[in-house]
Amino acid sequence: MSPERRRRTIEMVRSRLGPSRVSERRICRVLGQSRSTQRYVRRQPDDDRRLIDELRRWCEWYPRFGSERVHQLLLGTGWRVNFKRVHRLWKQEHLQVPGKQRKGVVYLGKAPMAACDTGLDRTEDGRQLKLWVVIDEFTRECLATEVGRTFTARDVMLTLQYLFAVRGAPEHIRSDNGPEFIAKDLQRWLERASVRTLYIQKASPWENGYVESFNGKLRDELLNRELFLSVPEARFVLDEWRREYNHRRPHSGLNWQTPAAYAVKVTDRPTGVFPAASRVASPVGATPLPPMPHAD
């Protein structure tokens, strides 16, 4: 128990027993507290209050961020403060965020690698909302967040063709064994594009560790806090969060750089080349749509 909590405990005990019936000296002696510790008055620096207000402001914006990530955001906005001070005030103000259990990660070197996965949510009317994301395992960038009631192999093909044309094709794509990913048409198309598939074992999400980690952040920081009224609204909100994730959110695995900033600095990464293939229309959701008015 910290000295501050011991001080508050003694004050609480004395207030319940009655200050006129028992002295502070006696309570300190019974509970083993030094009277000098009990009477200590903390000398708080003048700018501690400003820093606490700033920490609370960041917590209102990003309630699921921890002290390390908020410290990096403070440094990016001009604050000159070390992490120990931020961590002390963070604990003092009880701003801690419950930790999450980490899963194992499989990493196959610096070869261009994309990871895909799907997730589920629901709109306000209770109907299923299906999400699937594409992650660059090397830069940790989120390349796409697609939203719909359901997805087919053609939907996957359209989005991947758009990404291949914009970013270049990776050497491998890692995904689970969902029907939209193992369809014959998609496999033939990827073979023509010289992209190999890496399917994880059934019931083994840890083999797709990067995208599972991303899904955990997406669920924790966005999906658990939002109520979507429609698919267009969900598409718009998720695309805005994807931009925030890529360009503003410091990533602990990238030495607290944003994924976009890290991607700009990388010079030794081999780049994929998208070979000639039949062109298709732009994928649904490639361009975010504004939220549509909800029909009552």
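The text that follows walks through the structure, step by step, so that each part is easy to find.

### Here's the deal with the overall build of the chain
Point 1. A count of helices and strands for the chain gives 12 helices and 5 strands.
Point 2. Out of the 296 residues belonging to the chain, those deemed buried represent 43%.
Point 3. Accessible surface computed for the chain: about 17400 Å², of which carbon and sulfur atoms make up 51%.

### Side note on the pairing of strand E2 (residues 128-136)
Point 1. For E2, a buried count of 8 out of 9 residues is recorded, marking the element as mostly surrounded by other parts of the structure.
Point 2. Sheet topology note: the E2/strand E3 (residues 142-148) ladder contains 6 bridges and is antiparallel. Within E3, the position partnered with Trp132 by the bridge is Glu146.
Point 3. With antiparallel pairing between neighbouring strands as the criterion, E2 and E3 make up a hairpin whose turn holds 5 residues, including Arg140 at a positive phi of roughly 65°.

### Considerations on the nonpolar core
Point 1. Grouped together as the largest cluster of nonpolar side chains are 21 residues, with contacts concentrated most on Trp132, Leu160, Phe164, Leu186 and Leu190.
Point 2. Broken down by secondary-structure element, the contributors of at least two residues to this core are E2, E3, helix H7 (153-167) and helix H9 (184-192).
Point 3. At 6 residues, H7 tops the list of elements feeding residues into this core.
Point 4. If you look at the next biggest cluster of nonpolar residues, it comprises 19 residues, including Leu222, Leu223, Trp241 and Tyr245.

### Describing the pattern of salt bridges
Point 1. Applying the stated rule across the entire model yields 18 salt bridges.
Point 2. Residue Arg248 is joined to Glu244 by a salt bridge in which the shortest nitrogen-to-oxygen separation is 3.9 Å.
Point 3. Classification of Arg248 by relative accessible area gives partly exposed; the value is 48%.

### Side note on the packing of H7 against H9
Point 1. Two numbers describe how H7 lies on H9: the axes approach to 9 Å, and their chain directions differ by 20°. Considering the angle they form, H7 stands roughly parallel to H9. For the element pair H7 and H9, the recorded crossing hand is right-handed. Note on element contacts: H9 touches H7 through Asp185, Leu186, Trp189 and Leu190, opposite Ala153, Val156, Met157, Leu160, Gln161 and Phe164.
Point 2. Looking at the contact of H7 with H9, its residues break down into 8 nonpolar, 1 polar and 1 charged.

### Here we look at the environment of Gln72
Point 1. Note on placement: Gln72 falls in helix H5 (residues 67-76).
Point 2. Along the backbone, Gln72 and Pro250 are 178 residues apart, and their C-alpha atoms lie at a distance of 7.0 Å.
Point 3. Setting aside chain neighbours within four positions, we find Gln72 in contact with Pro250 and Trp256.

### A word on unusual backbone geometry
Point 1. If you check the backbone angles, His94 has positive phi at about 55° while not being a glycine.
Point 2. Among the structural elements, His94 can be located in the loop between helix H6 (83-92) and strand E1 (113-122).
Point 3. We classify His94 as exposed; its relative accessible area is 60%.

Rules behind the numbers
- Residues numbered from 1 in each chain as written.
- Predicted model: local features only at pLDDT ≥ 70, side-chain atom pairs only at ≥ 80, totals over all residues.
- Heavy atoms only, no water.
- Helix = DSSP H or I, 4+ residues; strand = E, 2+ residues; numbered from the N terminus.
- Buried < 20%, exposed > 50% of the residue type's maximum accessible area, 1.4 Å probe, protein only.
- Areas by Shrake-Rupley, 256 points an atom, 1.4 Å probe, with all protein chains shown as cover.
- Pairing = 2+ DSSP bridges.
- Core = buried A, V, L, I, M, F, W, Y, C linked by side-chain atoms within 4.5 Å.
- Salt bridge = Lys/Arg side-chain N within 4 Å of Asp/Glu carboxyl O.
- Axes fitted to C-alpha atoms, helices over the stretch in contact; angles between N-to-C directions.
- Parallel < 35°, antiparallel > 145°, perpendicular 65-115°, else oblique.
- Left-handed = near helix turned anticlockwise from the far one by under 90°.
- Contact = heavy atoms within 4.5 Å.
- Nonpolar A, V, L, I, M, F, W, Y, C, P; charged D, E, K, R; others polar.

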